[in-house]
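An overview of the molecular structure
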Amino acid sequence: MDMRPNKKNKRILSSDAEASFSLIIARIVYGINWFNISAIFPLIAVEFNKDVSLLGSISAAFFMGIGLMQIPAGIFAAKYNPRISAIVGIIISSTAALLCGLVFSSSQLIWLRFIVGFGMAFFFSSAVILIARYGKRGFPGFSIGIMNSAHSMGGIIGIFVWIIIAQMVGWRLSLVLSGVLGLITALLMIMTIPRNNTSLDHDARMENKGYQPARAGEKLKISDALRILSNRTLFYLGVVLIGIQAAWAVELTFIVIYLENLGFSAELAGIIASLPLILAIISAPLIGGFHDKVRDTRRVLLICGIGTSMAITGLSLGSLYLIIISVILTGFFSGGAFTVVYEKARTLLIEGIPDHRNNSRKTIEVNRRNIHDKDNSLLNNPSYYDTLKVAWVNGLSLMGVLWMPIVFSYIADESSYELAWIFSAVVIALFILVPLSKLSK
């Protein structure tokens, strides 16, 4: 008998881990290319002789790109393949990020940031579905939380490390570098994510449970897509996410230039600006795992929403110690809220739409209540509509928030940063608390 190890089988057994690793690395570099512009903006502003209003325009263009393409990207991934969507998205966003370092005018920079957002839309929702498939069995909220933690890790590098890199090599070369890193992660995804969106060992486990995998392009109906886009619960989740997204957008976009305006060094500003991302690394899987257990979306989001709006208010007080406490709390509560919204949207049952995790709606509900069972793979295997559900909620939030950077920069420029923070806190509270009153458990 041949006792030598079978390399092919060994590869199959580790395919889920390899796919998860490549997605997490891509998400880290995705975070770098999301946040590094705001960190190095003071250097860009000097070269183009612009004020904070340019940063507001750059941010709005980015959010418009990533917001407008969420639904088209979700439909593309649902009809064809989340793997293809994620890889193409990283290639587009990374190429545009690289070209940002070669621009000759501020208007070119604004357009390229729109394209960066355009590409990221194709990566995001597909990556959420893929990590739920390949991540920790029975704990999809935890796996999605890890992805959000990776985004925060990339943000820390993009904000703090990129300030140092830009000061050493110039802001242009620093952006070229971040774009190249993104293209490398696309290659890694091509090599490690299975072409059929699942590993053979995963398919075997699923078929033993009576699951028939949904194939790319199979049974996609416009009527089903319309049911998703008109679903009230998804709409309420999207509005809640506008509030969370607003807190994330204004704090991480303007905190560096705000602190420099108060007289603090760029290095200290970068460290403080990294704190919410550090806390989000901890809170995303922590709160995501807590939600897996309690399954009370409204209560968890209420706590996160109140904490986030109070934290943004604290930034207006101008004290260094209060600012540090505020950015820490913003990261903790908002990082958890993102995870909970995405997981709730992903697993939401919509009447009239078959859920391909299992043919029995009752069995799905039983499995959701039995979430602690580590062998429960039904929740980890997404319906091909899950991508569209997550994309719709995320797209609604991103389109709903694109005006915030522009209004914030206008208030800060015409009045004061303090008033801009207070205005933002009020808006955040309204967008979170009002729809939560209509959201069921």
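Residues numbered from 1 in each chain as written. Predicted model: local features only at pLDDT ≥ 70, side-chain atom pairs only at ≥ 80, totals over all residues. Heavy atoms only, no water.

A short note on the overall build of the chain
On a plain count of helices and strands, the chain comes out with 17 helices and zero strands. Long-range contacts, defined as pairs at least 24 residues apart, comprise 85% of the intrachain contacts of the chain with a sequence gap of at least 6. Carbon together with sulfur atoms contributes 67% to the accessible area of the chain, which is approximately 17200 Å² in total. (Helix = DSSP H or I, 4+ residues; strand = E, 2+ residues; numbered from the N terminus. Contact = heavy atoms within 4.5 Å. Areas by Shrake-Rupley, 256 points an atom, 1.4 Å probe, with all protein chains shown as cover.)

Notes on the environment of Arg195
Its place among the elements puts Arg195 in the loop between α7 (171–192) and α8 (200–208). By relative accessible area, which is 67% here, Arg195 ends up exposed. Beyond its immediate sequence surroundings of up to four residues, Arg195 is in contact with Asn81 and Arg83. (Buried < 20%, exposed > 50% of the residue type's maximum accessible area, 1.4 Å probe, protein only.)

What about the confidence of the model for the chain?
Low-pLDDT portions of the prediction should not be read for the details of their coordinates. Per-residue confidence for the chain gives a mean pLDDT of 80, with 82% of residues at or over 70. Long-range and interchain partners of residues 1–13, a stretch whose pLDDT sits below 50, account for six contacts in this model, where long-range means more than four residues apart. In the model, residues 357–382 has pLDDT below 50 throughout and makes 73 contacts with residues more than four positions away in sequence or in other chains. (pLDDT = per-residue confidence, 0-100.)

Description of the packing of helix α12 (residues 297–314) against helix α13 (residues 320–347)
In contact at an axis separation of 8 Å, α12 and α13 are set at 150 degrees when each is read in the N-to-C sense. As far as their axial angle goes, α13 and α12 are roughly antiparallel. In this structure, α12 crosses over α13, and the sense of that crossing is left-handed. Facing Thr297, Val300, Leu301, Ile303, Cys304, Gly307, Thr308, Ala311, Ile312 and Gly314 of α12, the residues of α13 in contact are Leu322, Ser326, Leu329, Thr330, Phe333, Ser334, Gly336, Ala337, Val340, Val341 and Lys344. Of the residues assigned to the contact of α12 with α13, the class counts are 12 nonpolar, eight polar and one charged. (Axes fitted to C-alpha atoms, helices over the stretch in contact; angles between N-to-C directions. Parallel < 35°, antiparallel > 145°, perpendicular 65-115°, else oblique. Left-handed = near helix turned anticlockwise from the far one by under 90°. Nonpolar A, V, L, I, M, F, W, Y, C, P; charged D, E, K, R; others polar.)

Concerning the environment of Gly336
Residue placement: Gly336 occurs in helix α13. On the basis of relative accessibility, which here comes to 0%, the residue Gly336 falls in the buried class. For Gly336 and Phe290, which are 46 residues apart along the polypeptide, the C-alpha to C-alpha distance reads 9.7 Å. Excluding residues that lie within four positions of it along the chain, Gly336 makes contacts with Ser283, Ala284, Ile287 and Cys304.

Structural notes on helix α10 (residues 232–261)
Along its 30 residues, α10 runs 42 Å from first to last C-alpha, staying within 8% of the 44 Å computed at 1.5 Å per residue. Most pronounced at Ile255, the bend in α10 amounts to some 50 degrees. Within α10, 26 of the 30 residues are buried, leaving the element largely enclosed by the surrounding structure. Of the residues flanking the start of α10, the one acting as N-cap is Asn231, its side-chain oxygen 3.1 Å from the backbone nitrogen of Thr233. After α10 finishes, the residue Gly263 shows a positive phi value of roughly 105 degrees. (Expected span 1.5 Å × (residues − 1). Bend = angle between axes of the 7 residues up to and from the residue. Polar contact = N/O pair within 3.5 Å; in protein donor to acceptor, adjacent residues only side chain to side chain.)

Comments concerning the packing of aromatic side chains
All told, the structure shown has 21 aromatic pairs when counted by the stated rule. Members of the aromatic cluster, each reached through a chain of ring pairs, are Tyr30, Trp34, Phe35, Phe62, Phe63 and Phe123. (Phe/Tyr/Trp six-rings, centres within 6.5 Å; stacked < 30°, edge-to-face > 60°.)

A look at the environment of Ser309
Tracing the chain through its elements places Ser309 in helix α12. Once the C-alpha coordinates of Ser309 and Phe333 are considered, the two residues, 24 residues apart in sequence, prove to be 9.5 Å apart. Setting aside residues no more than four positions away along its own chain, Ser309 makes contact with Ala425, Ile428 and Ala429. A distance of 3.1 Å separates a polar side-chain atom of Ser309 from the backbone oxygen of Ile306.

Points about a nonpolar patch on the surface
On the surface, Ile164, Met168, Val169 and Leu173 cluster together into a nonpolar patch covering about 380 Å² of accessible area. With three residues, helix α6 (residues 140–169) is the single largest residue contributor to the nonpolar patch. Tracing the backbone through its elements, the reader meets Ile164 in helix α6. (Patch = residues over 30% accessible without salt bridge, like charges linked within 9 Å, V, L, I, M, F, W, Y side chains within 5 Å. Salt bridge = Lys/Arg side-chain N within 4 Å of Asp/Glu carboxyl O.)

A short note on the packing of helix α2 (residues 52–68) against helix α3 (residues 70–79)
Interaxial distance between α2 and α3 falls to 5 Å at its minimum, and their mutual angle equals 35 degrees. Along its contact with α2, which presents Ile66, Gly67 and Leu68, the element α3 presents Gln70, Ile71 and Pro72. Across the contact of α2 with α3, the residue classes break down as four nonpolar, two polar and no charged.

What to know about the pattern of salt bridges
Working definition: two side chains of opposite charge can pair if their charged atoms are close together. This structure, assessed with the given rule, holds three salt bridges. Salt-bridge contacts for Arg172 lead to Glu47; the nearest nitrogen and oxygen are separated by 2.7 Å. Residue Arg172 is found in helix α7, and its partner Glu47 is found in helix α1 (residues 7–48); the two are separated by 125 residues along the sequence. Looking at Arg172, the relative accessible area reads 25%, which means it is partly exposed. Here Glu47 falls in the partly exposed class, since its relative accessible area comes to 43%.

So, α7
Counted at 1.5 Å a residue, the expected span for α7 with its 22 residues is 32 Å, and the 32 Å between its end C-alpha atoms agrees. Among the residues of α7, those classed as buried are Trp171, Ser174, Leu175, Val176, Ser178, Gly179, Gly182, Thr185, Ala186, Met189 and Thr192.

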